[in-house]
Amino acid sequence: QWEKSELELLEELSVQIAISIQQAQLYHNLKQLNHKLENKVQERTAKLKESEQKFRAIFNNSFQITGLLAIDGIVLELNQTALNWENVSREEILNRPFWEIPTCQRASTQTQANIQESISRAAQGEFLRYEIDTFDAQGNTLTLDFSLRPLLDEAGKVIFLIPEARDITERKKAEEILRKANIELERT
């Protein structure tokens, strides 16, 4: 015969054992879920890294100068083409105002002011495209086909600016030769 206190003790022990078994099962299930989640995170990280590598390959090997600016004109990224063009390292350019990159600094003060104004307008959502006259590091005149494109979020708010530039100096020289030749032909 069991006494009442012994039965109460056994009942309490059985409750505690049941709780312990349940906690052990929950812990085991949690470990399995955690392991599955870690595997998914690793898979997704690998896919994201692969996607980033593809993007970088395209971005850096584009024949035109391309970048990413904050809406205040701070350089967040420039492609390798731009870095090679400027003959600078990424660290020398990043987190600085776009109008302080060497090509802009070699342009006239009016052109520099136009670039700053264009950044302000693009930050308001306007797409801008025009030609910029500047100089290369050796002092040769350059003409760039330059554009600033606002990048919008899902709500339509400008979150970044994409500057692009292409050297059109040779084309402009050819156009000038053709223009002069046409004038000469009209005279004869």
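Everything in this summary refers to the structure shown in the same document. (Residues numbered from 1 in each chain as written. Predicted model: local features only at pLDDT ≥ 70, side-chain atom pairs only at ≥ 80, totals over all residues. Heavy atoms only, no water.)

All right, on to the pairing of strand 3 (residues 128-135) then. In this sheet, strand 4 (residues 141-152) lies alongside strand 3 in antiparallel orientation, the contact comprising eight bridges. From the neighbouring strand, F135 faces strand 4, where its bridge partner is T141. Hairpin remark: strand 3 followed by strand 4, antiparallel, with five residues in the connecting loop; positive phi at G139, about 90°. (Pairing = 2+ DSSP bridges. Helix = DSSP H or I, 4+ residues; strand = E, 2+ residues; numbered from the N terminus.)

Here we come to the sheet that holds strand 5 (residues 158-167). Through backbone hydrogen bonds, the strands of a sheet pair up, either in parallel or in antiparallel fashion. Read from one edge of the open sheet, five strands run 2-1-5-4-3, paired in antiparallel fashion. The sheet is open, and its two edges are formed by strand 2 (75-78) and strand 3, each paired on a single side. Between one strand and the next, the sheet's axes are offset by a mean angle of 25°, whatever the strand orientation. Sheet topology places strand 1 (residues 65-69) next to strand 5; three bridges connect them, and they run antiparallel. Paired with T66 across the two strands is E164, which belongs to strand 5. On top of the sheet, helix 1 (residues 4-60) reaches strand 1 and strand 2; it is set at about 80° to strand 2, its chief contact. Each of strand 3, strand 4 and strand 5 touches helix 6 (residues 169-187); the most contacted strand, strand 4, lies at about 125° to it. (Axes fitted to C-alpha atoms, helices over the stretch in contact; angles between N-to-C directions. Contact = heavy atoms within 4.5 Å.)

Core analysis: the biggest nonpolar cluster contains 22 residues, and L69, V75, I93, F98, I119, L148 and L161 have the highest contact counts within it. Of all elements in the fold, only strand 1, strand 2, helix 2 (80-86), helix 5 (109-123), strand 3, strand 4 and strand 5 reach the threshold of two or more residues within this core. Look past the residues within four positions of F98 in its chain and what remains in contact with it is L69, G73, V75, C104, I115, I119, F146 and P163. (Core = buried A, V, L, I, M, F, W, Y, C linked by side-chain atoms within 4.5 Å. Buried < 20%, exposed > 50% of the residue type's maximum accessible area, 1.4 Å probe, protein only.)

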